[in-house]
Amino acid sequence: MENWIIEFMSRFGYFGVFFLIMVENVFPPIPSEVILTFGGYMTSFSDMTRTGVIIAATAGSVLGAMILYSIGLLLDVKRLEKIVDRWGKFLRLTRKDIHRADAWFDKYGPWTVFFCRLVPLIRSLISIPAGMSNMNFPLFLLLTTIGSLIWNAALVSVGAAVGDNWESIVGYMDIYSNIAYVIIGLCGIAAIIWYIRFRRKRV
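Residues numbered from 1 in each chain as written. Predicted model: local features only at pLDDT ≥ 70, side-chain atom pairs only at ≥ 80, totals over all residues. Heavy atoms only, no water.

Here we look at the overall build of the protein chain
Line of reasoning, step 1. Regarding its fold elements, the protein chain presents nine helices and zero strands.
Line of reasoning, step 2. Tracing the protein chain from N to C terminus, the helices and strands come up as α-α-α-α-α-α-α-α-α.
Line of reasoning, step 3. Looking at the protein chain residue by residue over its 203 residues, the buried ones come to 40%.
Line of reasoning, step 4. Excluding contacts between residues fewer than 6 apart, the proportion of contacts in the protein chain whose partners are at least 24 apart in sequence is 77%. (Helix = DSSP H or I, 4+ residues; strand = E, 2+ residues; numbered from the N terminus. Buried < 20%, exposed > 50% of the residue type's maximum accessible area, 1.4 Å probe, protein only. Contact = heavy atoms within 4.5 Å.)

Okay, here's the thing in structure tokens:
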């Protein structure tokens, strides 16, 4: 996949960066680390500038986030209530559980959207619960843009700085991603354990 990404960006320049990052946000397994670091490296031997690559990448990030936010809107609280009314006894969920989770996101959602833009995988998927909770759209766009800008600028700048060694940065980013995935997994397990205990106390 890396070779295809490199060839695509070399051929289409800024549009290639924009398109690939947009797709990466909708389909997270595509590695943004490769796109951004190679994009930074391209500024050393092509007409592309660091600022241009960052702007193209950020525009792609925001558009991809908007698509996932729209998907989240289709799964709003009312639709989830209907699902719970029908399948809740099997999922061990109630309307109260949905409202509690929705209230949590309303309270902490803005910070969650911002900080999750700096975490691999989650940086894309966080847009779905933001849409589900009907988070204020202008605020969502603002925080998504700022968080994406920081992530994109950092990797593009590193890619431009290391030049031919840009691939070594991808290796370090893989380590960062693996650590992030482990933390996410542990948090998920902890959340499941907490939820089971919480349900038992209610019973």
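Thoughts on the nonpolar core
Looking at soluble globular proteins, one finds that nonpolar side chains tend to be buried together.
Line of reasoning, step 1. Counting residues in hydrophobic clusters, the biggest one holds 21 residues, and the most contacted among them are Met9, Val17 and Leu36.
Line of reasoning, step 2. Looking at this core, the elements that each hand over two or more residues are α1 (2–26), α2 (32–42), α3 (50–74) and α8 (137–162).
Line of reasoning, step 3. Ranked by residue count, the leading element in this core is α1, at seven residues.
Line of reasoning, step 4. Apart from the residues within four sequence positions on either side, Met9 is in contact with Gly16, Val17, Leu20, Ile35, Phe38, Gly39 and Met42. (Core = buried A, V, L, I, M, F, W, Y, C linked by side-chain atoms within 4.5 Å.)

Focus on the side chain of Asn152
Line of reasoning, step 1. With respect to the helices and strands, Asn152 occurs in helix α8.
Line of reasoning, step 2. Side-chain polar atoms of Asn152 contact the side chain of Thr58, separated by 3.2 Å.
Line of reasoning, step 3. If near-sequence neighbours (up to four positions away) are discounted, Asn152 is found in contact with Leu36, Ile54, Ala57, Thr58, Ser61 and Arg123. (Polar contact = N/O pair within 3.5 Å; in protein donor to acceptor, adjacent residues only side chain to side chain.)

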